[in-house]
Amino acid sequence: GAVVSQHPSWVICKSGTSVKIECRSLDFQATTMFWYRQFPKQSLMLMATSNEGSKATYEQGVEKDKFLINHASLTLSTLTVTSAHPEDSSFYICSARDATSGDTDTQYFGPGTRLTVL
Amino acid sequence: GQNIDQPTEMTATEGAIVQINCTYQTSGFNGLFWYQQHAGEAPTFLSYNVLDGLEEKGRFSSFLSRSKGYSYLLLKELQMKDSASYLCAVGGYSTLTFGKGTMLLVSP
């Protein structure tokens, strides 16, 4: 099946610093990638939809200037949490859709990145 | 908007069968997905239904009734490793909306 990787798997940073998370589709092309956030014991909440070569579409309530998304190629999307604060500590998960597959609706998830802001 | 309901927790014993229900009310529908998520890990795709009926895949089956806004995930021959959260997700035009998940605990 389709494989999605994320890097780093976990990160601890000081308040006020920026953190970049990478999401890669390893064996397929993904014209669309998604970024989710999950707080403990809560469901995944979609933050934004990332389309290759165009601006990301953010969900209501998600600050686009704080969560910068870049989808520069068909296999890579990045999420940068700028000026991170403790309330940004969460599990960030990306997913990707296989653009070349007949089953274009299924999203395949990366392993997630656990961010802790001190 | 989307409203997705599923039970918060369920318990079952090893070797048994368990059915996890999901009801939804949506403004758009492009398929219903079930994912498995172990604690601290990302979700893993289990099944996808877009037409009414039952989809069987090994020990896991998923059912959909679009007219009733209802789906269930059926797990047979439960194993300890099946202890996880099971997420029901509804596909919209291009995105997924997840339910809060059902935590399944399988005991010996």
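Refer to the structure presented above.
All of these numbers come straight from a predicted model, not from anything done at the bench.

(A) Quick look at the overall build of chain A. Helix and strand counts for chain A come out as zero helices and 11 strands. When the helices and strands of chain A are read in sequence order from the N terminus, they spell out β-β-β-β-β-β-β-β-β-β-β. Rg of the C-alpha trace for chain A: 14 Å, near the compact-globule value of 13 Å for 118 residues, within the 12% margin. The principal-axis extent of the C-alpha atoms belonging to chain A is close to 45 × 25 × 20 Å. Split into buried and exposed, the 118 residues of chain A put 48% on the buried side.

(B) Just the interface of chain A and chain B, in detail. Between chain A and chain B, the contact holds 19 residues from the first and 17 residues from the second. Taking both sides of the interface into account, the surface hidden between chain A and chain B amounts to around 1,300 Å²; carbon and sulfur atoms contribute 57%. Run the count over chain A and chain B and you get zero salt bridges. Summed over the shared surface of chain A and chain B, the number is three residue pairs in polar contact (both at pLDDT 80 or more). Secondary-structure elements contributing two or more residues to the side of chain A that touches chain B are strand E4 (32–38), strand E5 (45–51), strand E9 (90–97) and strand E10 (107–109) of chain A.

(C) Highlighting the layout of surface pockets. Looking at the largest pocket, its volume works out to about 610 Å³. Lining the largest pocket are 26 residues, with A:Gln38, A:Lys41, A:Gln42, B:Ser85 and B:Met103 positioned closest to its centre. The dominant element in the lining of the largest pocket, judged by the number of residues it contributes, is strand E9 (residues 84–91) of chain B, at three residues. Looking at the lining of the largest pocket residue by residue, the class counts come to nine nonpolar, 11 polar and six charged. The computed volume of the second largest pocket comes to approximately 450 Å³. When contributions to the lining of the second largest pocket are tallied by element, the ones reaching two or more residues are E5 of chain A together with strand E1 (2–5) and strand E10 (96–98) of chain B.

(D) A look at the packing of aromatic side chains. Under the counting rule described, the total for this entry stands at 16 aromatic pairs over all chains. Their ring planes at 70 degrees and their centres at 5.9 Å tell us that A:Phe109 and B:Phe98 sit as a pair that is edge-to-face. Within this pair, whereas A:Phe109 is found in strand E10, its partner B:Phe98 is found in strand E10, the two belonging to separate chains. There is no split in this pair, since A:Phe109 and B:Phe98 are both buried. Residues B:Tyr35 and B:Phe45 carry aromatic rings whose centres are separated by 5.9 Å and whose planes lie at 70 degrees to one another, so their mutual orientation is edge-to-face. In this pair, B:Tyr35 sits in strand E4 (residues 32–37) while B:Phe45 sits in strand E5 (residues 44–49), placing the two residues 10 residues apart along the sequence. Through a chain of ring-to-ring contacts, three or more aromatic side chains come together here, namely A:Phe28, A:Tyr36, A:Tyr108, A:Phe109, B:Phe33, B:Tyr35, B:Phe45, B:Tyr48 and B:Phe98. Geometry around A:Phe67 places A:Lys66 over its ring, the cationic atom sitting 5.9 Å from the centre.

(E) Layout of the nonpolar core. Among the nonpolar cores identified, the biggest contains 24 residues, and A:Trp35, A:Phe67, A:Leu79, A:Tyr92 and A:Leu115 are the most heavily contacted of them. Elements supplying a minimum of two residues to this core: strand E2 (10–13), strand E3 (19–25), E4, E5, strand E7 (67–73), strand E8 (76–81), E9 and strand E11 (113–117) of chain A. A:Tyr92 has contacts with A:Gln6, A:Ile21, A:Tyr36, A:Arg37, A:Met47, A:Phe67, A:Leu79, A:Gly112, A:Thr113 and A:Leu115, leaving out every residue within four places of it along the chain. Counting residues in each nonpolar core, the second largest holds 20 residues, with B:Val18, B:Leu75, B:Leu78 and B:Val106 among its members.

Reading the values: the criteria
- Residues numbered from 1 in each chain as written.
- Chains lettered and ligands numbered in written order.
- Predicted model: local features only at pLDDT ≥ 70, side-chain atom pairs only at ≥ 80, totals over all residues.
- Heavy atoms only, no water.
- Helix = DSSP H or I, 4+ residues; strand = E, 2+ residues; numbered from the N terminus.
- Rg over C-alpha atoms; globule rule 2.2 N^0.38 Å.
- Buried < 20%, exposed > 50% of the residue type's maximum accessible area, 1.4 Å probe, protein only.
- Contact = heavy atoms within 4.5 Å.
- Buried area = accessible area lost by both parts, 1.4 Å probe.
- Salt bridge = Lys/Arg side-chain N within 4 Å of Asp/Glu carboxyl O.
- Polar contact = N/O pair within 3.5 Å; in protein donor to acceptor, adjacent residues only side chain to side chain.
- 1 Å grid on protein atoms, 1.4 Å probe; cavity = no way out; pocket = protein on both sides within 12 Å on 5 of 7 lines; lining within 4 Å.
- Points joined across faces, edges and corners; volume = space filled by probe spheres on them.
- Nonpolar A, V, L, I, M, F, W, Y, C, P; charged D, E, K, R; others polar.
- Phe/Tyr/Trp six-rings, centres within 6.5 Å; stacked < 30°, edge-to-face > 60°.
- Lys NZ or Arg CZ within 6 Å of the ring centre and 35° of its normal.
- Core = buried A, V, L, I, M, F, W, Y, C linked by side-chain atoms within 4.5 Å.

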